[in-house]
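Chain residues, written in single-letter form:
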Amino acid sequence: MGRTDAVRTRLEERRRDLTGELDELTAAPRDPMTAVSFGKRVGDGTTQAVERLNQVGTADVLAAMLVDVERALAKLDEGTYGVCDVCGAEIPAERLEARPWSVLCVGCSAAR
């Protein structure tokens, strides 16, 4: 298995994992008729509302990562994997090893 094949396998596995996690986080509540609201005192409604806010935030992060995974797979197909989408600089191998879905160099990622 070549380096590109190994990277593709890791990216496809990550895409599967992210899709599964997003499906769980965005699934409809078990009882959609139950209202979740904030109250004046901490109770079940407040706890559920806070938990749901946390889930939405987590889903946003995972969705953004999934976009990067999809872009990295497209870059493999294009032959531009390892090149920053913004400035065109080479993304260091260490960064790609740690985070194979990186589509930006460290500088452009920090400016994001």
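A few points on the structure.

The rules behind the values
The residue count restarts for each chain, going from 1 along the sequence in the order it is written. Local features are withheld for residues below a pLDDT of 70 in this predicted model, meaning they are given only at 70 or higher, and side-chain atom pairs are given and counted only at 80 or more; totals for whole chains, interfaces and linings count all residues. Values reported for side chains reflect all heavy atoms of the structure, with hydrogen atoms and water molecules removed beforehand. Counted as salt bridges are all cases of a side-chain nitrogen of Lys or Arg within 4 Å of a carboxyl oxygen of Asp or Glu. Helix and strand definitions here come from DSSP, where helices need a minimum of 4 consecutive H or I residues and strands a minimum of 2 consecutive E residues; each element is numbered from the N-terminal end. In this scheme, a residue with accessible area under 20% of its type's maximum is buried, one over 50% is exposed, and one in between is partly exposed, where area comes from a 1.4 Å probe on protein chains only. Any residue with relative accessible area above 30% and no salt bridge may belong to a patch, with like charges joined within 9 Å and the nonpolar Val, Leu, Ile, Met, Phe, Trp and Tyr side chains within 5 Å. Throughout, the Shrake-Rupley method with a 1.4 Å probe supplies accessible areas, and for residues the shown protein chains are the sole cover considered. Just so you know, the count uses Lys and Arg for positive and Asp and Glu for negative, and it drops His and the chain ends. Note that the charge is assigned to NZ on lysines, CZ on arginines, CG on aspartates and CD on glutamates. Take the residue count of a helix, subtract one, and multiply by 1.5 Å to get its expected span. Here, two residues are considered to be in contact whenever any of their heavy atoms come within 4.5 Å of each other.

This part covers the pattern of salt bridges. Evaluation of the coordinates by the stated rule reveals 6 salt bridges. The shortest N-O distance in the salt bridge between E70 and R15 comes to 3.2 Å. Placement of the pair is E70 in helix 2 (residues 44-78) and R15 in helix 1 (residues 3-26), with a sequence separation of 55 residues. Residue R15 is classed as partly exposed on the basis of its relative accessible area, which comes to 27%. Residue K75 is joined to D85 by a salt bridge in which the shortest nitrogen-to-oxygen separation is 2.7 Å. On the criterion of sequence distance, the pair formed by K75 in helix 2 and D85 in the loop between helix 2 and helix 3 (93-98) is long-range, its members being 10 residues apart. K75 gets classed as buried once you look at its relative accessible area, which sits at 2%. The exposure class assigned to D85 is partly exposed, which follows from its relative accessible area of 35%. A network of salt bridges, in which partner residues are shared, links R71, K75, E78 and D85.

Taken together, the side chains of E13, D17, E21, D23 and E24 define an acidic patch exposed on the protein surface. Its location among the elements puts E21 in helix 1.

Time to look at helix 1. With 24 residues, helix 1 ought to run about 34 Å at 1.5 Å a step, and its terminal C-alpha atoms sit 34 Å apart, in line with that. Listed as buried for helix 1 are V7, L11, L18, L22 and L25.

What follows covers the environment of L66. Within the secondary structure, L66 sits in helix 2. In the structure, L66 is positioned 35 residues away from W101 in sequence and 8.7 Å away in space, judged by C-alpha atoms. With near-sequence residues (within four places) excluded, L66 lies in contact with R15, L18, T19 and L22.

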